[in-house]
Structures are given as C-alpha cells and as structure tokens.
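Okay, here's what each chain looks like letter by letter:
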Amino acid sequence: MSTLDFTLALGDDALIAAQRLGEWTSRAPEMEEDIALANIALDQLGAARLLLTYAGELEGAGRDEDALAYLRDDREFRNCLLVELPNGDFGVTMAKLFFLAAYQLPLYTALAGCADERLAAIGAKARKESAYHLDHAALWVRRLGDGTEESHRRMQDAVDQVWPYTHELFTPAPTAPVDPATLRADFDAQVRDVLDQATLTRPADGWTPGGGRDGLHTEHLSYLLAEMQVLHRAHPGARW
Amino acid sequence: MSDPRAAVAAVVDPEIRVITIDELGILRSVDEDPESGRLVVTITPTYTGCPAMDVIRADVRRALAAAGHPDAEVRTVYSPAWSTDWISERGRAKLAAAGIAPPAPAPRGGTVVPLTLAVRCPRCGSPETEQVSRFGSTACKALWRCRACSEPFDHLKAL
C-alpha cells in the first residue's frame, strides 16, 4: 500500500467517523454526552483535514481537502466499513467508537514514530486525542455492559453486531508506513480488558466483511455522502 | 514600527479571552525569514479540530498590521504537538482567576489513559470536586462540579 493510499484510508476513516458522530448532535441521551460526541467528532474532523490535505499533496493533482471530501463518489472512498455503519442505538455507537479508538490509538502512536515526517507529526498530535476517545467509549461500554439486565443485553448485542467489521482494520499492508497487522495485539489486549470489566463476551470470529480500502462499501455510505456533500455540490465555491 | 513579537504575544485566545496565545503556548515563534526578509509567525493548534484557528490567524495578522508589519506570514505547525505543559505560570493564574481550573501535568506517552488527579475548585479552593463530563464547552475543556460550594466549573484538560 502506497503512502498516498494509506493516508487517504486514514483520512477517510476519520472523516466518515466525524460525519456519523455529528449525527448525534442535539439527539444524544443527555446534554453532556451530546457535547462529548460533538467534541470527538470535531477531533476526528481535525485529523481528517490534516490527512486529506496531505493526501492531496502526495497525489499532486491539485486536489485540496475539500475536493477530496466533497467531490469524490462512494467508490473512491477508502474508509473501513466500520465507520460508515449507521449509528444504531447508543450501545452500537459506543461499540463502534470503542473499536475505532482501540485501533486509532496504537495506529497514531506507531505513526508518530514512522519515517514520513508529515504523518509522524499528525500521529503525535492525534494520538493524544485518541486516548480521550478510547477512555470515553470504554467507560460507556463498561457502564452499559455491567449495568442493568437490559443495558447488558443491548451492549452485548451491539458488540456482536459490530465485531465482524473490526477484522478489516488489520488487513496486512507490509509496504504501508505502518502495517495495520502489527496493531492487532494492542487492540486485542485493550478489547479483552474492557469487555472483561464490562462482563461482556468477545464474539467468536467468523464472518469478516471488508472491501472498504478498495472502494467497495456498504449501501450506507452513499446516503451519508449525499447528505455530507450536497451543499458543496449545489453551491460550488460558496463562502460565508 | 513597534516590536512585532510583543504585538503578536498580546493577541488573546478567542475562546478563552482572559489568556493570550503566548501564555497558552500556541505561539511558537516570531522570526524573520532569512531569504525573503518577511516576518514569519508560527502557531500551533491546541487540538487538531480547534475551530478557533482561523480567528487566531486573522487576529495575528491584524495585530501585526497595526504594528507596521502588514505583509507578515502566519504558519501553522503540528509538530511538536501542543501540550498543556506549555501554558505559562502567568497563564495558569489567569485561568484560575477566570474560574477555569488549570491542568495538571500532562500524561506521558499516548497510550496512557489520563489519570484523574484531584482538581481544585477555582472558586472556593476545595479539592472535593467531581467530573461531570470529560468534554466541555470547547475541545480543550472538561466540565467539573465542586461538592463543597456546589458550583460547576470548567477544567482545562491535561494533554
């Protein structure tokens, strides 16, 4: 995987995660959580902007962050399927965020030490924010898993539903600036600890949906992009 | 022309208006480019998604224009990553006086889950406080409450 493809994949992960988290704004179960999810979305968007700007420079075709975010179609996006899945209930959102953060934290930490100076700077910055995301999501997974019978049932359902999509994150890419396969041990240890504390069961491995890195997405991404891109496409170059 | 460094250092943070960008540690340098002779101001964001960066850039340009440097360049750098450890003592005192509890020393290494150390209430000084939410009114703040005087307050998160 080239540095461009890798940077685009990470940028798209962050961008689509930001858009999905932003859907909770004004709809979260309590005000503090509303603010938390919006803050995490903003962090993801910040990382996405840095990564997509760099991807545009690597490509050298004159595309900036906006051109990459708003003027590509679904088949050109390289994000993992995990981030494009609908939010579901609050448990599903937290399962998604927990798995994403448990992947992004070791990823950005490894990136901070990689040979590419720009990616190293982005990694060093973003990992500090990821640590907060992971902490927040883990707190909810524990609270809901080790909560009432109903919250336990729903958190377990959420983990079961989202788990198959985590495998795609660690598809080996030996030539990438960071080989995602090397992050698996950190991720597994983190997941095991938190699920244990939450009295939840790690699902058995079976179905492993993938294809996001090759532009093969679920039907959900097109709807997300339609909403995210409509303003920019309807009013090209608009400013306010 | 007046001292450009002093002019830039006096620019206040648009979201926490009691503290300057110098005291917050996001003003990294004010130098002259050896080749072009232009003044170059280097700043760094607190958080990657900080929405105040555009306003800060504009405020820096405005301050420099007023100080006689209308053609200065403002550069944004991301490395080394900003840390709350860069907030000056004076900045910390100003935060506390404005009712924002200053941060504890930053956690080392990205993989360490931040410790929750006792945060003193900026109003009554009591250490009997609790976190209401890790995320507050801006990206860099958390929401806390004092159990002694019952007042809610902002806390600048260690980063």
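Residues numbered from 1 in each chain as written. Chains lettered and ligands numbered in written order. Predicted model: local features only at pLDDT ≥ 70, side-chain atom pairs only at ≥ 80, totals over all residues. Heavy atoms only, no water.

Enquirer: Requested: an account of the overall build of chain A, with residues and values cited.
Expert: Looking only at helices and strands, chain A has nine helices and zero strands in total. Beginning at the N terminus, the succession of helices and strands in chain A can be written as α-α-α-α-α-α-α-α-α. Here chain A has a C-alpha radius of gyration of 17 Å; the compact-globule value for 240 residues is 18 Å, and the two agree. Projected onto its principal axes, the C-alpha positions of chain A cover 55 × 40 × 30 Å. The proportion of buried residues among the 240 residues of chain A is 55%. (Helix = DSSP H or I, 4+ residues; strand = E, 2+ residues; numbered from the N terminus. Rg over C-alpha atoms; globule rule 2.2 N^0.38 Å. Buried < 20%, exposed > 50% of the residue type's maximum accessible area, 1.4 Å probe, protein only.)

Enquirer: Could you give me a rundown of the environment of A:Leu4, with the residues and numbers involved?
Expert: All names here are of chain A. Relative to the helices and strands, Leu-4 resides in helix H1 (residues 3–22). Residue classification places Leu-4 among the partly exposed residues on the basis of a relative accessible area of 24%. Between the C-alpha atom of Leu-4 and that of Glu-57, which follows or precedes it by 53 residues, the distance is 9.0 Å. Those residues within four positions of Leu-4 in sequence are excluded, and the remaining contacts are Ala-55, Leu-58 and Glu-59. (Contact = heavy atoms within 4.5 Å.)

Enquirer: Now, about the packing of helix H6 (residues 117–145) of chain A against helix H8 (residues 184–197) of chain A: what can you tell me, with residues and values included?
Expert: Residue and element names in this part refer to chain A. Packing of H6 against H8 brings their axes to within 8 Å, and their N-to-C directions diverge by 35 degrees. Here H6 and H8 pass one another in a crossing that is right-handed. In contact with Leu-134, Ala-138, Val-141 and Arg-142 of H6, H8 contributes Gln-190, Val-194, Leu-195 and Gln-197. (Axes fitted to C-alpha atoms, helices over the stretch in contact; angles between N-to-C directions. Left-handed = near helix turned anticlockwise from the far one by under 90°.)

Enquirer: I'd like a rundown of the sheet that holds strand E3 (residues 73–76) of chain B, residues and numbers included.
Expert: Residues and elements named next belong to chain B. Taken in spatial order, the three strands of this open sheet run E1-E2-E3, and their pairing is mixed. If you trace the sheet from one side to the other, it starts and ends with strand E1 (27–32) and E3, each paired once. Taken over all neighbouring pairs, the strand axes of this sheet differ in orientation by 20 degrees on average, direction set aside. In this sheet, strand E2 (residues 39–43) lies alongside E1 in antiparallel orientation, the contact comprising five bridges. What sits directly across from Val-30, in E2, is Val-41. (Pairing = 2+ DSSP bridges.)

Enquirer: With reference to specific residues and values, describe H1(A).
Expert: For H1(A), built from 20 residues, the straight-helix expectation of 28 Å at 1.5 Å per residue is met to within 8% by its first-to-last C-alpha distance of 28 Å. In terms of burial, H1(A) is largely enclosed, as 15 of its 20 residues are buried. (Expected span 1.5 Å × (residues − 1).)

Enquirer: Can you explain the sheet that holds strand E7 (residues 152–156) of chain B? Please cite residues and give values.
Expert: Residues and elements named next belong to chain B. Spatial strand order, E4-E7-E6-E5: four strands in an open sheet with mixed pairing. Two strands bound the open sheet, and with one partner strand each, they are strand E4 (100–101) and strand E5 (129–133). Pairing of E5 with strand E6 (residues 141–146), which is carried by four bridges, proceeds in the antiparallel orientation. Considered in E6, the bridge of Thr-129 is made with Cys-146.

Enquirer: Explain the side chain of B:Thr129 residue by residue, including any values.
Expert: Residues and elements named next belong to chain B. Take Thr-129: it is sitting in strand E5. Judged by relative accessible area, Thr-129 falls into the buried class, the value being 10%. Here Val-119 takes part through its backbone oxygen, which lies 2.5 Å from a polar atom of the side chain of Thr-129. If we skip the residues at most four places from it in the chain, Thr-129 touches Val-119, Arg-120, Cys-121, Trp-144, Arg-145, Cys-146, Arg-147 and Phe-153. (Polar contact = N/O pair within 3.5 Å; in protein donor to acceptor, adjacent residues only side chain to side chain.)

Enquirer: Any details on the side chain of A:Asp188? Residues and values, ideally.
Expert: Mapped onto the secondary structure, A:Asp188 falls in helix H8. Side-chain polar atoms of A:Asp188 contact the side chain of A:Arg202, separated by 3.4 Å.

Enquirer: Tell me about the interface of chain A and chain B, and name the residues and values.
Expert: Chain A puts 22 residues into the contact, and the matching count from chain B is 26 residues. A buried area of about 2,300 Å², summed over both sides, lies between chain A and chain B, and 65% of it is on carbon and sulfur atoms. For the chain A face of the interface with chain B, the top three residues by lost area are A:Lys125, A:Lys128 and A:Tyr132, together amounting to 32%. At the surface where chain A touches chain B, the tally comes to one salt bridge. For A:Asp135, the salt bridge identified is with B:Arg134, shortest N-O distance 2.1 Å. Where chain A touches chain B, the interface holds eight residue pairs in polar contact (both at pLDDT 80 or more). Looking at the side of chain A that touches chain B, the elements that each hand over two or more residues are helix H2 (31–59), helix H5 (90–111) and H6 of chain A. Among the residues making up the side of chain A that touches chain B, the classes are represented as eleven nonpolar, four polar and seven charged. (Buried area = accessible area lost by both parts, 1.4 Å probe. Salt bridge = Lys/Arg side-chain N within 4 Å of Asp/Glu carboxyl O. Nonpolar A, V, L, I, M, F, W, Y, C, P; charged D, E, K, R; others polar.)

Enquirer: Describe the packing of aromatic side chains, listing the residues and the values that go with them.
Expert: Tallying each qualifying case throughout the model produces nine aromatic pairs over all chains. Where A:Phe90 meets A:Trp140, the ring centres are 5.0 Å apart and the plane angle is 85 degrees; that geometry is what we call edge-to-face. Here A:Trp140 lies in helix H6 and A:Phe90 lies in helix H5, a separation of 50 residues in the sequence. In this structure A:Phe90 comes out as buried when scored by relative accessible area, which is 12%. A centroid spacing of 6.1 Å and a plane angle of 45 degrees characterise the contact between A:Phe99 and A:Phe187, whose relative ring orientation is tilted. Of this pair, A:Phe99 sits in helix H5 while A:Phe187 sits in helix H8, and the two are 88 residues apart along the sequence. The exposure classification of A:Phe99 matches that of A:Phe187, with both residues buried. An aromatic cluster is defined as three or more aromatic residues linked by ring pairs; in this entry it consists of A:Phe98, A:Phe99, A:Tyr103, A:Trp163, A:Phe170 and A:Phe187. Of note, B:Arg28 hangs over the ring of B:Trp86, and the distance from its end group to the ring centre comes to 3.7 Å. (Phe/Tyr/Trp six-rings, centres within 6.5 Å; stacked < 30°, edge-to-face > 60°. Lys NZ or Arg CZ within 6 Å of the ring centre and 35° of its normal.)

Enquirer: Any details on the packing of H2(A) against H5(A)? Residues and values, ideally.
Expert: Residue and element names in this part refer to chain A. One can describe the packing of H2 onto H5 by two numbers: an axis separation of 13 Å at closest approach and a directional angle of 40 degrees. If you check the angle between H2 and H5, you find them oblique. Crossing of H2 over H5 shows left-handed handedness. Of the residues in H5, those touching H2 at Glu-33, Leu-37, Ile-40, Gln-44, Ala-47 and Leu-51 are Phe-90, Met-94, Leu-97, Leu-100, Gln-104 and Tyr-108. For the contact of H2 with H5, the per-class residue count stands at nine nonpolar, two polar and one charged. (Parallel < 35°, antiparallel > 145°, perpendicular 65-115°, else oblique.)

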